[in-house]
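Structural overview
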Amino acid sequence: MSVPTEHLLVLSALLFAIGVAGFFVRRNVIVVLMSIELMLNAANLAFLAGARHHASVTGAWQAEGPVMVTFVIAVAAVEAAVGLALVIAFYRRKKTVSLDQLTPTLD
Amino acid sequence: MVDLLFYVAALLSVLCALGVVLSENPVQSVLMLLGSFLGIAVIYLLAGFQFLAAIQVLVYGGAIMVLFLFVVMLLNLGDPEVQADEPLFHGRGRVTGGLGVSLAVLAVLLLASRGTDLTPVDTYLWPEGGLDPLQGMAEAMFGRFVLPFEAASVLLLATAVGVMALAKRQRTPRALDSREAAA
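Cut-offs applied
- Residues numbered from 1 in each chain as written.
- Chains lettered and ligands numbered in written order.
- Predicted model: local features only at pLDDT ≥ 70, side-chain atom pairs only at ≥ 80, totals over all residues.
- Helix = DSSP H or I, 4+ residues; strand = E, 2+ residues; numbered from the N terminus.
- Rg over C-alpha atoms; globule rule 2.2 N^0.38 Å.
- Buried ≥ 20, exposed ≤ 12 C-beta atoms within 10 Å, placed from the backbone.
- Contact = placed C-beta atoms within 7 Å.
- pLDDT = per-residue confidence, 0-100.
- Core = buried A, V, L, I, M, F, W, Y, C linked by C-beta atoms within 7 Å.
- Nonpolar A, V, L, I, M, F, W, Y, C, P; charged D, E, K, R; others polar.
- Axes fitted to C-alpha atoms, helices over the stretch in contact; angles between N-to-C directions.
- Parallel < 35°, antiparallel > 145°, perpendicular 65-115°, else oblique.

Okay, the overall build of chain A next. Of regular secondary structure, chain A possesses three helices and zero strands. Along chain A, helices and strands appear, N-terminal first, in the series α-α-α. Relative to the globule expectation of 13 Å for 107 residues, the C-alpha radius of gyration of chain A, 18 Å, shows a markedly less compact shape. Seen through its C-alpha atoms, chain A measures out along the principal axes to roughly 55 × 30 × 20 Å. Per-residue burial for chain A yields a buried fraction of 55% across its 107 residues. Pairs at least 24 apart in sequence give 53% of the contacts found in chain A among residues at least 6 apart.

Put into structure tokens, the structure is as follows:
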């Protein structure tokens, strides 16, 4: 595919912004965790856009981008596991998954 | 043709990401997130990252999605009576603040991505197995990146132990005593 790098970065920016909005606006803690996953995915996309750009400018392949993405995927899996275990512990104590029960509301 | 496929996949992933944030039913959110991940996997494949596309489908579309779906089903969150945020946009400070931060981040990222309008050579069929050839990745990971690799393995071990400690049902000392008395 010969899509310019800018379009990949714009897609990554859109996904990241949607993730940020979900992180701040939603109160269901599971949806907040999903928003974090969205942001991590956007970062991965930006890494790979950079790797592709570099490869097509220099004509040589570089390992940094893809290796970084595998580490980000590992950290995302860890984050999902720990986050969901916390959600289960929280639900067991409060019988809800609303963040309002955890923190004071904004208004 | 391949370019058109990119824009279709990009549209799919953005619409599904919006669906994650905007749907009130958590089960629907999880399925939307799955659609978003699959769209991104298609983009990886088109950009020449074949191994990472497979990993994206296996780890994100498989493992992480199952984890989310499992917790949603376990806590019975599809039930409308257990919905945690009804109505969706509640609290003016939270909504305006969240959307403001989101738009600010979007503006900064769009500004930062300007000036990269180079049209790259077609990386879809890059020689030697795409832009993430397994041999090269393995050499880098066990060579220059061996320290972060080992750190990731320690992180995974710590996570396994920590999650078990967190999710284990806490027994109160009294319950233990009564069980011992019964035994």
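On we go from here.
All right, on to the confidence of the model for chain A then. Caution applies to low-pLDDT regions: their predicted coordinates should not be interpreted in detail. Per-chain confidence: chain A averages 87 in pLDDT, with 95% of residues scoring 70 or above. Taken element by element, the predicted model of chain A shows its lowest mean pLDDT in helix H3 (residues 64-94) of chain A (90) and its highest in helix H1 (residues 5-25) of chain A (92).

This part takes up the nonpolar core. Ile30, Leu45 and Leu48 of chain A together with Tyr44 of chain B are the most contacted members of the largest nonpolar core, which totals 69 residues. When contributions to this core are tallied by element, the ones reaching two or more residues are H1, helix H2 (29-58) and H3 of chain A together with helix H1 (2-22), helix H2 (26-47) and helix H3 (50-74) of chain B. Leave out the neighbours within four places in its chain, and Leu45 of chain A touches Leu8, Leu11, Ser12 and Leu15 of chain A together with Ile40 of chain B.

Turning to the interface of chain B and chain A, a few remarks are in order. Taken together, the contacts link 75 residues of chain B with 65 residues of chain A. With 13 residues, helix H4 (residues 92-112) of chain B is the largest single contributor of residues to the side of chain B that touches chain A. Residues that form the side of chain B that touches chain A fall into these classes: 52 nonpolar, 16 polar and seven charged.

Further remarks concern the packing of H2 of chain A against H3 of chain B. Axis separation between H2 of chain A and H3 of chain B bottoms out at 11 Å; the angle between their running directions is 170°. By the angle class used here, H2 of chain A and H3 of chain B are roughly antiparallel. In this structure, H2 of chain A contributes Ile30, Met34 and Glu37 of chain A to the contact, and H3 of chain B contributes Ile64, Phe68, Val71 and Val72 of chain B. Split into classes, the residues belonging to the contact of H2 of chain A with H3 of chain B amount to six nonpolar, no polar and one charged.

The next point concerns the packing of H2 of chain A against H3 of chain A. All names here are of chain A. The contact between H2 and H3 brings their axes to 10 Å, and the two run at 175°. As summarised for this structure, H2 and H3 are arranged roughly antiparallel, according to the angle between their axes. Of H3, the residues touching H2 (which contributes Val29, Ile30, Leu33, Ile36, Glu37, Leu40, Ala43, Asn44, Phe47, Leu48, Gly50 and Ala51) are Gly65, Pro66, Met68, Val69, Val72, Ala76, Glu79, Ala80, Gly83, Leu84, Val87 and Phe90. Looking at side-chain class alone, the contact of H2 with H3 contains 18 nonpolar, four polar and two charged residues.

Let us now look at the environment of Gly98 of chain B. Position of Gly98 of chain B among the secondary structure elements: in helix H4. With 21 C-beta atoms counted inside 10 Å, the residue Gly98 of chain B sits in the buried group. Setting aside residues up to four positions removed in sequence, Gly98 of chain B forms contacts with Ala21, Phe24 and Val25 of chain A.

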